Amino acid sequence: MNYPSTLIEEAVNELSKFPGVGKKSAMRMVLHLLKQEVVEVNKLGEAIIKLRNNIRYCTRCGNVSDTELCNICNSPKRDQQLICVVEDLRDVIAIENTGQFTGTYHVLGGLFSPVN
Ligand SMILES: [Zn+2]
């Protein structure tokens, strides 16, 4: 693909590294970003940088956290004796969205494949 600007090409190349995002989708994102106010695009960039630089992992369960212990491990309402072993964060989010599980987790961080 020929790009009218090396800045656009660089942004397309970076965005197309996301899973499921090809060059065409990345180009649509870039065109969208160019239509936004600079302050809004800066907010997005800062959120991504803050996320990557500051995200922590709960020292008890391995879930993502802003603090040493995640909100789930820190909650007195959770049954600490009931532990659900999950592959990664997506499983925690899916189970939490059901609102039915009252225990805690052990997040393997994608190091374990249930199939294997
Ligand atoms: Zn935790």
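Located above this text is the structure these notes cover.
Residues numbered from 1 in each chain as written. Predicted model: local features only at pLDDT ≥ 70, side-chain atom pairs only at ≥ 80, totals over all residues. Heavy atoms only, no water.

**Examining the nonpolar core**
Stated precisely, the cut-off is as follows: Here, nonpolar core means buried Ala, Val, Leu, Ile, Met, Phe, Trp, Tyr and Cys residues that are tied together by side-chain atoms lying within 4.5 Å of each other. For each residue, the accessible area found with a 1.4 Å probe, counting protein chains only, is set against the maximum for its type, and the residue is called buried under 20%, exposed over 50%, and partly exposed in between. Numbering of helices and strands starts at the N terminus; helices are DSSP runs of H or I of at least 4 residues and strands are runs of E of at least 2. Throughout, a contact is declared for two residues whenever any of their heavy atoms are within 4.5 Å.
C58, C61, C70, I72, C73, V86, V92, F101, Y105 and V107 form the largest nonpolar core, which has ten residues in total. Mapped by element, the contributors of at least two residues to this core are α4 (71-74) and β4 (103-107). C73 has contacts with C58, R60, C61 and Q80, leaving out every residue within four places of it along the chain. Formed by eight residues, the second largest nonpolar core is a distinct cluster that contains Y3, I8, V12 and L15.

**Description of the packing of helix α1 (residues 6-15) against helix α2 (residues 23-35)**
Keep this limit in mind: Structural elements are reduced to axes, namely lines fitted to C-alpha atoms, with helices fitted over the stretch in contact, and the angle between N-to-C directions of any two is expressed from 0 to 180 degrees. Roughly parallel covers angles under 35 degrees, roughly antiparallel covers those over 145, roughly perpendicular covers 65 to 115, and oblique covers all other angles. Crossing chirality is assigned from the near helix's rotation relative to the far helix, an anticlockwise turn below a right angle marking it left-handed and a clockwise turn marking it right-handed.
Close contact between α1 and α2 brings their axes to 8 Å; oriented N to C, the two are set at 125°. Judged by the inter-axis angle, α1 sits oblique to α2. In this structure, the crossing between α1 and α2 has a hand that is right-handed. Contact with α1, carried on its side by I8, A11, V12, N13 and L15, involves K23, A26, M27, M29, V30, L33 and L34 of α2 and no other residues of that element.

**Topic: the coordination of the zinc ion**
Under perfect tetrahedral coordination by four donors, a metal shows angles of 109.5 degrees; under perfect octahedral coordination by six donors, it shows angles of 90 or 180 degrees. To keep things clear, this is the line we draw: Coordination shells were defined by N, O and S atoms within 2.8 Å of each metal, extended to 3.2 Å for Na, K and Ca; water is absent from the atom set, which can make sites look incomplete. In these descriptions, tetrahedral denotes four donors with every angle between 85 and 135 degrees, square planar four donors and octahedral six donors with opposite donors over 155 degrees apart and the rest between 65 and 115, and irregular any other case.
In the first shell of the zinc ion, the protein supplies C58 (SG), C61 (SG), C70 (SG) and C73 (SG), at 2.3 Å from the metal. One way to put it: the four donor atoms around the zinc ion meet at angles of 106 to 116°, and that makes the site tetrahedral. Taken in sequence order, the residues that donate to the zinc ion follow the motif C-x2-C-x8-C-x2-C. Assessed through its relative accessible area of 4%, C61 is described here as buried.

Limitation: the analysis is restricted to geometry and does not speak to function.
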